[in-house]
Amino acid sequence: EDAASAASVLRTCCDVIGGSAGSLAGSVFWCPDRDLDGAIRARGLYDKLHPRSSEGGDGETDRAGPALTIATRDGPRGSVVETGDGGSGPDATAPMRRTAVPAAALRTGDGAPLDPTGAGNAYAGAMTALLGNGVSPLVAACIASGVGAAVCEHEGLPPPGGWPSTLERIRSAAAEVEARVVASPDR
């Protein structure tokens, strides 16, 4: 059911952005959770945006079409951000770049979320706003991880201490995540 809905959304994206998958221009951002991403990939739906794509033996995907950013959310395990130019020119079929972005450590008594409701949506919203304002996908993912952590650490909004302390928490969580991404051997 989710895959059918995703197919419908992806077809709409193709129609809105360029009229057909073969003539897409611009950029596309998609932020599914791990299960939906698996269903999309199993059905080849990302290929609707990139008709000449193929999965290589090294796990990287060749793309042609619009610039594409996929941020696959995976709860407490963080996210995987994939980016590709997809445009014309020498890098038109360059492999998608994949970066594992860890979740921020939670500042709760036991390190467990107090209320994870909305954390994934907060992550997706932060990614969308940041990418729309020209922030690079990797920096956006680090900040979005901080937003997700801030949501998990409190029950409801506004959080105790108000928004200034929450913004500081997001900043510190983003810095922590970014430091762990840079140190990661997968980068």
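You'll find the structure just up there.
All values derive from a computational prediction rather than experimental measurement.

Trainee: It is not clear to me how the layout of surface pockets should be interpreted in this structure. Could you clarify?
Mentor: It is the rolling of a water-molecule-sized probe over the atoms that shows where space remains empty. Roughly 480 Å³ of internal volume is contained in the largest pocket. Residue lining of the largest pocket: 22 residues in total, with Asp-74, Gly-75, Pro-76, Ala-103 and Ala-119 positioned closest to the centre. Put simply, the parts of the chain that give the lining of the largest pocket at least two residues each are helix H2 (34–42), helix H3 (119–132) and helix H4 (137–152). Element by element, the count of residues in the lining of the largest pocket is highest for H4, at four residues. When its residues are assigned to classes, the lining of the largest pocket shows ten nonpolar, six polar and six charged.

Trainee: When you look at the pattern of salt bridges in this model, what are you seeing that I'm missing?
Mentor: Oppositely charged side chains can pair when the atoms bearing their charge come close. In total, this model carries nine salt bridges according to the counting rule given. Between Arg-41 and Asp-37 there is a salt bridge, and its shortest N-O distance comes to 2.7 Å. Here the residue Arg-41 and the residue Asp-37 both occupy positions in helix H2, the gap between them amounting to four residues, near one helical turn. Arg-41 sits in the partly exposed class, given a relative accessible area of 28%. In this structure, Arg-98 engages Glu-82 in a salt bridge whose closest nitrogen and oxygen atoms are separated by 3.1 Å. In this pair, Arg-98 sits in strand S6 (residues 97–101) while Glu-82 sits in strand S5 (residues 79–84), placing the two residues 16 residues apart along the sequence. You can call Arg-98 partly exposed: its relative accessible area is 34%. Each of Arg-34, Asp-35, Asp-74 and Arg-77 takes part in a single network of salt bridges with overlapping partners.

Trainee: What exactly am I supposed to notice about the packing of H3 against H4 here?
Mentor: In a packed pair of helices, the relevant descriptors are the angle between the two axes and the axis-to-axis distance. Two numbers describe how H3 lies on H4: the axes approach to 8 Å, and their chain directions differ by 145 degrees. Every pair of crossing elements has a handedness; the one defined by H3 and H4 is right-handed. Residue-level contacts link Ala-119, Ala-122, Tyr-123, Ala-126, Met-127, Leu-130 and Leu-131 of H3 to Pro-137, Ala-140, Ala-141, Ile-143, Ala-144, Ser-145, Val-147, Gly-148, Val-151 and Cys-152 of H4. The residue makeup of the contact of H3 with H4, split by class, is 15 nonpolar, two polar and no charged.

Trainee: Where do I start with the side chain of Thr-72 in this structure?
Mentor: The topology assignment puts Thr-72 in strand S4 (residues 67–73). Within the local environment of Thr-72, its side chain forms a polar contact with the side chain of Asp-37, the two groups lying 3.4 Å apart. Apart from residues no more than four positions distant in its own chain, Thr-72 is found in contact with Pro-32, Asp-33, Arg-34, Asp-37, Gly-78, Ser-79 and Val-80.

Trainee: Honestly, the pairing of S4 in this entry has me stumped. Any pointers?
Mentor: Where a strand is regular, its side chains alternate between the two sheet faces. Across the seven residues that make up S4, a large majority, six, are buried. Direction of pairing for S4 relative to S5: antiparallel, over a ladder of six bridges. By the bridge assignment for S5, Ile-70 is matched with Glu-82.

Trainee: Help me understand the environment of Leu-138, please; the structure alone is not making it clear to me.
Mentor: Relative to the elements of secondary structure, Leu-138 occurs in helix H4. Leu-138 sits in the partly exposed class, given a relative accessible area of 22%. Taking C-alpha positions, Leu-138 is 9.0 Å from Val-181, a pair spaced 43 residues apart along the chain.

Trainee: Help me understand the nonpolar core, please; the structure alone is not making it clear to me.
Mentor: Counting residues in each nonpolar core, the largest one holds 26 residues, and the members touching the most others are Ala-71, Val-81, Val-101, Tyr-123, Met-127, Ala-141 and Val-177. Elements with a contribution of two residues or more to this core: H3, H4 and helix H5 (162–183). Sorting elements by how many residues they give to this core places H4 first, with nine residues. Apart from the residues lying within four places of it in its own chain, the contact partners of Met-127 are Phe-29, Ala-71, Pro-137, Ala-140, Ala-141 and Ala-144. By size, the runner-up hydrophobic cluster in this structure holds ten residues, among which are Val-28, Leu-36, Leu-68 and Ile-70.

Trainee: Sorry if this is basic, but what is going on with the sheet that holds S6 here?
Mentor: Strand order in this open sheet of four strands is S1-S4-S5-S6, and the pairing throughout is mixed. On the outer flanks of this sheet lie strand S1 (27–30) and S6, each paired with one strand and no other. Shown here is a sheet whose adjacent strand axes are inclined to one another by a mean of 10 degrees, direction ignored. Of the pairings in the sheet, the one linking S5 to S6 comprises five bridges and is antiparallel in character. Looking at the pairing, Val-81 lines up with Thr-99 of S6. Contacts from H3 reach S1, S4 and S5, with the element oriented near 160 degrees to S4.

Reading guide: rules and limits
Residues numbered from 1 in each chain as written. Predicted model: local features only at pLDDT ≥ 70, side-chain atom pairs only at ≥ 80, totals over all residues. Heavy atoms only, no water. 1 Å grid on protein atoms, 1.4 Å probe; cavity = no way out; pocket = protein on both sides within 12 Å on 5 of 7 lines; lining within 4 Å. Points joined across faces, edges and corners; volume = space filled by probe spheres on them. Helix = DSSP H or I, 4+ residues; strand = E, 2+ residues; numbered from the N terminus. Nonpolar A, V, L, I, M, F, W, Y, C, P; charged D, E, K, R; others polar. Salt bridge = Lys/Arg side-chain N within 4 Å of Asp/Glu carboxyl O. Buried < 20%, exposed > 50% of the residue type's maximum accessible area, 1.4 Å probe, protein only. Axes fitted to C-alpha atoms, helices over the stretch in contact; angles between N-to-C directions. Left-handed = near helix turned anticlockwise from the far one by under 90°. Contact = heavy atoms within 4.5 Å. Polar contact = N/O pair within 3.5 Å; in protein donor to acceptor, adjacent residues only side chain to side chain. Pairing = 2+ DSSP bridges. Core = buried A, V, L, I, M, F, W, Y, C linked by side-chain atoms within 4.5 Å.

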